Amino acid sequence: MITASGVAEVRSACDEARRAGRRVGFVPTMGFLHPGHRSLMRAARVGNDVVVASIFVNPLQFGPTEDLERYPRDLAGDSAAAEAEGVDLLFLPAVDEMYPEPPLTTVHVAGLSEVLCGASRPGHFDGVATVVAKLLSIVGPCTAYFGRKDAQQLAVVRRMVSDLHLPADVVGCPLVRERDGVAMSSRNAYLSEEDRRAAPVLFGALRAAAAAVTGGERSGGALRRLIAREVAREPRVLLEYVATCRPDDLEPLDHLEGDVLVAVAARVGSARLIDNITLCIRDADVVADLGVVTDRPESEVLCAER
Ligand code: AMP
C-alpha cells in the first residue's frame, strides 16, 4: 500500500491506473476505521482493480461548537486496517492543500442540506459536499463507495455528483451494526459505559417501526410517534428528530408507500448518534433493510425481513 498526501501525486497515480485500463474504486473516510468503513473498502476491492481510500478529518463539516479537535484519530491502526482490506493507495490530504486560504469556493446542495441533520448542523452538508467534490476531482473517474449509515449524506452526494456531472458512480453500501444493533460509528468512542448500554434503544425503536409497517401500519405520523415512545423508554437517549421520508430527495412522507427512509438522531451523553432503516413497501408487501451485523455473515437476513 502506498501512502500519499499530495494532490498531484494522487491524481497522477489514479490517471496512470486508468491509462493502464484499470478501474479505480474510491472510499472517502474521516478515519478511526471500524468494520463499517472496512465493508466499503471490501466492496471497492471486489469491484475494482485499484482501491484508493482517503482519511481526512474535514474541518469544513464541523460546526464551531462541534468535536473537530477531539474527533478520534488512529493513523497507525487505520493504515494497518486499510492495508488488510487491500487498499492500494491511502490518501491523507493536508488541510492547507485541501483548503487554500482564503476559502472562497464551496458546494451547496439546496434543500437536501437543510432538513434532518442539516437543521441542527447548519453548514455541515456544505462541508461534506465540498470535500467530496474536491476528493472526486482529485481521484478522477471512479466508483465511489458510501455507507447507508449516513443516509442524508448519501442523498446529498448523489445529487451533487449528478448535478455537477462528476465522473463518479456512487454506490451505497449496507449499514453495519454492532451485535446489539448499535450502528457502528467512530463517535461511539465518546459513549460512557452507561450511555453505550442505553444506545441500542435506537435500533430497537427502528425494529419496532419495521414490525409495525410489516403489520400494516401506513401512517408516517403514527410510525414517528411509535419510535419516539420507544426511545423515551431510555431516559439517557434524547431524540433529536425522527423522520419518515423518501431516500433520494428526503421529501417527508405521511403515507408510507414505496421506498421509505426512517431516520433518527439522538443525543446520548456527549455523543450525537444517527441511525436509520429503509423500508420498501409495495401494497401489502414490505421488505425492510435493517443493515447487517458486523461479525455474523448470517445476519444478511436482517436485509430481507418481511
Ligand atoms: P466517516 O469516517 O464517518 O466520515 O465515514 C466514512 C464512510 O463510511 C461514509 O460513507 C459512512 O457512511 C461510512 N460508514 C460509517 N459508519 C458506517 C457503518 N456503520 N456502516 C456502513 N458504513 C458506514
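As a reminder, the structure under discussion sits directly above these lines.
Residues numbered from 1 in each chain as written. Predicted model: local features only at pLDDT ≥ 70, side-chain atom pairs only at ≥ 80, totals over all residues. Heavy atoms only, no water.

Draft legend 1. Local environment of the site of the ligand. Close contacts around the ligand come from 17 residues, with M30, H37, D150, V176 and M184 the closest. Taking H37, its side chain carries an N or O atom lying 2.8 Å from an oxygen atom of the ligand. Contact between the ligand and G147: an oxygen atom at 2.9 Å from a main-chain N or O atom of the residue. Put simply, the parts of the chain that give the shell around the ligand at least two residues each are strand 2 (24-29), helix 2 (35-47) and strand 5 (142-147). Class assignment for the residues of the shell around the ligand results in nine nonpolar, six polar and two charged. (Near = heavy atom within 4 Å. Polar contact = N/O pair within 3.5 Å; in protein donor to acceptor, adjacent residues only side chain to side chain. Helix = DSSP H or I, 4+ residues; strand = E, 2+ residues; numbered from the N terminus. Nonpolar A, V, L, I, M, F, W, Y, C, P; charged D, E, K, R; others polar.)

Draft legend 2. Here's a closer look at the nonpolar core. Among the nonpolar cores identified, the biggest contains 49 residues, and V52, V132, L136, C142 and M160 are the most heavily contacted of them. Other than its neighbours up to four places away in sequence, C142 contacts V24, F26, L136, P167, A168 and D169. Membership of the second largest hydrophobic core comes to 39 residues, among which are V182, A205, L206 and I277. (Core = buried A, V, L, I, M, F, W, Y, C linked by side-chain atoms within 4.5 Å. Buried < 20%, exposed > 50% of the residue type's maximum accessible area, 1.4 Å probe, protein only. Contact = heavy atoms within 4.5 Å.)

Draft legend 3. The sheet that holds strand 9 (residues 258-268), seen in detail. Read across the open sheet, the four strands follow the order 8-9-10-11; overall the sheet is antiparallel. Either end of the sheet is taken by a strand with one partner, and the two such strands are strand 8 (237-245) and strand 11 (285-289). Taken pair by pair, the neighbouring strands of this sheet meet at an average axis angle of 20°, ignoring direction. Pairing of strand 9 with strand 10 (residues 271-282) involves eleven bridges; the strand directions are antiparallel. Within strand 10, the position partnered with A263 by the bridge is N276. Packed onto the sheet, helix 10 (residues 220-232) meets strand 8 and strand 9 and runs at close to 160° relative to strand 8. (Pairing = 2+ DSSP bridges. Axes fitted to C-alpha atoms, helices over the stretch in contact; angles between N-to-C directions.)

Draft legend 4. Broad picture of the pairing of strand 10. Among the twelve residues in strand 10, nine count as buried, and that is most of the element. Where strand 9 folds back onto strand 10 in an antiparallel hairpin, the turn is made up of two residues, including G269, whose phi is positive at roughly 60°. The pairing of strand 10 with strand 11 spans five bridges and is classified as antiparallel. Across the sheet, L279 pairs through a bridge with A288, a residue of strand 11. Once strand 10 ends, the chain turns through two residues before running back antiparallel as strand 11, passing D283 with a positive phi of about 55°.

Draft legend 5. Spotlight on helix 2. The end-to-end C-alpha distance of helix 2, which contains 13 residues, comes to 18 Å, matching closely the 18 Å that a straight helix rising 1.5 Å per residue would cover. Inspection of helix 2 places G36, H37, L40, M41 and A44 among the buried residues, and these make up the whole buried set. Burial along helix 2 is one-sided: seen end-on, the buried residues are contained in an arc of 150°. Those residues of helix 2 hidden inside the fold are in contact with strand 2, strand 3 (50-55), helix 3 (75-84), strand 5, strand 6 (168-173) and strand 7 (176-177). (Expected span 1.5 Å × (residues − 1). Arc of directions from axis to C-beta.)

Draft legend 6. Fine view of the pattern of salt bridges. If you walk through the whole model with that rule in mind, you get 19 salt bridges. Among the ionic pairs, D163 bridges to R159, the shortest N-O distance being 3.0 Å. Residue D163 and its partner R159 are both found in helix 7 (residues 151-163); the two are separated by four residues, about one turn of the helix. The residue D259 makes a salt bridge to R282 at a minimum N-O spacing of 3.7 Å. With D259 in strand 9 and R282 in strand 10, this pair connects stretches of sequence that are 23 residues apart. (Salt bridge = Lys/Arg side-chain N within 4 Å of Asp/Glu carboxyl O.)

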